[in-house]
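# Survey of secondary and tertiary structure
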Amino acid sequence: MKIYKFLSLFCIAITLFALSSCRNNDDDSTNETPGNLQIKFENGFNNLGDIVLNQTTQTSSQGQKHQLSALKYVVSNISLFDENGNEFKYNENNPDKGAFIIDQADAVAGIIYLNLNGIPKNNYKKIKFGLGISQNAYLLGQDGQAEFWNKAKQKGMSWSWAAGYVFVKLEGKYGTSSPATEFMNHTGNMGNTTANNTPDLYREVTLNLPTTARVTATITPSIHILADLNQYLSGENPLTLTSTNDMMMGSSQHLVNVTNNLTKMFKVDHVHND
């Protein structure tokens, strides 16, 4: 009888252990399930409100009034850094899957939404992204990014393939007392920058998150990024639009200065973990 009771208790213990192991394995599987992440871009002047195309007027540090009729830029090579400094690269140098066009004309209540999937479960403290398309991605050739290239063409964010992508497109009017004279500043690389001996205007921006973005299978964080377009003319290099630079495309020194100003326009306003 004692042996029978011992065997019965032993079998029960083995069963409970097996069930516990299965449950732990299931939990581990759930814990490692990738999640999603949302990035929200809000374009404004001095980080106040959204820009209404053809309406919102800003006065530069040089006293020049300007308003935008077109505001577009390319974001690519998004990376997330966890609490230990480990980097997760989202479709690096793969424009078809990892590049996006931020177009103010597409804003919903002032916001442009990017939805990223397949993000590893983790607690992220920092985000990095490219402004434009890197040379590594461009030199993969047109076949390696046909889907995004077609999107860029439809959005007016490309030249011929030999010239490549428009990184930032700013159009509108400017003037002293009121915006009356048209301007067009389109930044971008001129093809293979090494072969053509031209400046590389691709820039990477790294931003700290004020609150940890906790990605899980059930939590989709939303990172709200503000872009202060006042940096365009009133940034690190104060600029004035004139007849010599108001209709420029490519990578001239004026557009190098524009690019350097614009890389300072981003900041993370807040993070939602919902």
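Please refer to the structure higher up on the page.
Reference entry: report on the structure contained in this document. Counting restarts for each chain: residues are numbered from 1 in the order of the written sequence. Totals for whole chains, interfaces and linings use all residues, but because this is a predicted model, local features are given only for residues with pLDDT of at least 70 and pairs of side-chain atoms are given and counted only at 80 or more. Derived side-chain values reflect all non-hydrogen atoms in the structure, with water molecules and hydrogen atoms excluded from consideration.

Helix and strand definitions follow DSSP, with helices as H or I runs of at least four residues and strands as E runs of at least two, each counted in order from the N terminus. Each helix and strand counted, the protein has 7 helices and 13 strands in total. Relative accessibility thresholds used throughout: buried, under 20% of the residue-type maximum; exposed, over 50%; partly exposed, between the two (1.4 Å probe, protein chains only). Looking at the 274 residues of the protein, the share that counts as buried comes to 47%. Pairs of residues are marked as contacts when any of their non-hydrogen atoms sit within 4.5 Å. A separation threshold of at least 6 residues defines the contact pool for the protein, and within that pool the share at least 24 residues apart is 73%. Carbon and sulfur atoms make up 49% of the accessible area of the protein, which amounts to about 13,500 Å² in all. Note on areas: Shrake-Rupley, 1.4 Å probe, and residue coverage restricted to the protein chains presented here.

Paired rings are identified among Phe, Tyr and Trp, the last through its six-membered ring, by centres lying within 6.5 Å, and are further divided according to the angle between planes into stacked (under 30 degrees), edge-to-face (over 60) and tilted (the rest). Summed over the entire model, instances satisfying the criterion amount to 12 aromatic pairs. Following the ring pairs from residue to residue traces out a cluster consisting of Tyr138, Phe148, Trp149, Trp161 and Tyr165. The ring of phenylalanine 81 carries the charged tip of lysine 126 above its face, separated from the ring centre by 6.0 Å. Charge-over-ring contacts are defined here by two conditions on Lys NZ or Arg CZ: a distance within 6 Å of the ring centre and an angle within 35 degrees of the ring normal.

It is worth spelling out the nonpolar core at this point. In terms of nonpolar packing, the biggest core is built from 65 residues, with Phe41, Tyr73, Leu229 and Phe266 touching the most fellow members. For this core, the element with the most residues is strand 3 (residues 65-82), which contributes 7 residues. Contact partners of leucine 229, with chain neighbours within four places excluded, come to Asn43, Gly44, Phe45, Ile51, Leu68, Leu71, Leu170, Leu262 and Met265. As used in this record, nonpolar core signifies buried Ala, Val, Leu, Ile, Met, Phe, Trp, Tyr and Cys residues forming a set joined through side-chain atoms within 4.5 Å.

The subject of this paragraph is the sheet that holds strand 6 (residues 111-119). Sheets are built from strands that pair by backbone hydrogen bonding, the pairs being arranged parallel or antiparallel. We treat two strands as partners when DSSP finds at least two bridges between them. Across the sheet, 4 strands lie side by side as 6-1-11-13; this open sheet has mixed pairing. Since the sheet does not close on itself, it has two edges, and those belong to strand 6 and strand 13 (266-273), each with one partner. Here the average twist between neighbouring strands, direction ignored, is 20 degrees. The sheet contact formed by strand 1 (residues 35-44) and strand 11 (residues 221-228) spans 7 bridges and is parallel. Counterpart to lysine 40 in the pairing with strand 11 is histidine 224. Lines fitted to C-alpha atoms define the axes here, with helix axes fitted over just the stretch in contact, and angles between the N-to-C directions of these axes take values from 0 to 180 degrees.

Tracing the backbone through its elements, the reader meets serine 158 in the loop between helix 4 (146-154) and strand 8 (168-175). With relative accessibility at 16%, the residue serine 158 sits in the buried group. In contact with serine 158, other than residues within four places in its own chain, are Trp149, Ala152, Lys153, Gly164, Tyr165 and Val166.

This part is about the pattern of salt bridges. Salt bridges, as used here, are contacts in which a Lys or Arg side-chain nitrogen is within 4 Å of a carboxyl oxygen on Asp or Glu. For the structure on display, the rule yields 7 salt bridges. Of the charged contacts, one joins aspartate 103 and lysine 155 as a salt bridge, the two residues approaching to 2.9 Å between their closest N and O atoms. Of this pair, aspartate 103 sits in strand 5 (residues 100-103) while lysine 155 sits in the loop between helix 4 and strand 8, and the two are 52 residues apart along the sequence. Aspartate 103 sits in the buried class, given a relative accessible area of 5%. The exposure class of lysine 155 is partly exposed, given its relative accessible area of 25%. Residue glutamate 147 pairs with lysine 151 through a salt bridge whose shortest N-O separation is 3.8 Å. On the criterion of helical spacing, the pair formed by glutamate 147 and lysine 151 is a turn pair, its members being 4 residues apart in helix 4. Looking at lysine 151, the relative accessible area reads 40%, which means it is partly exposed.

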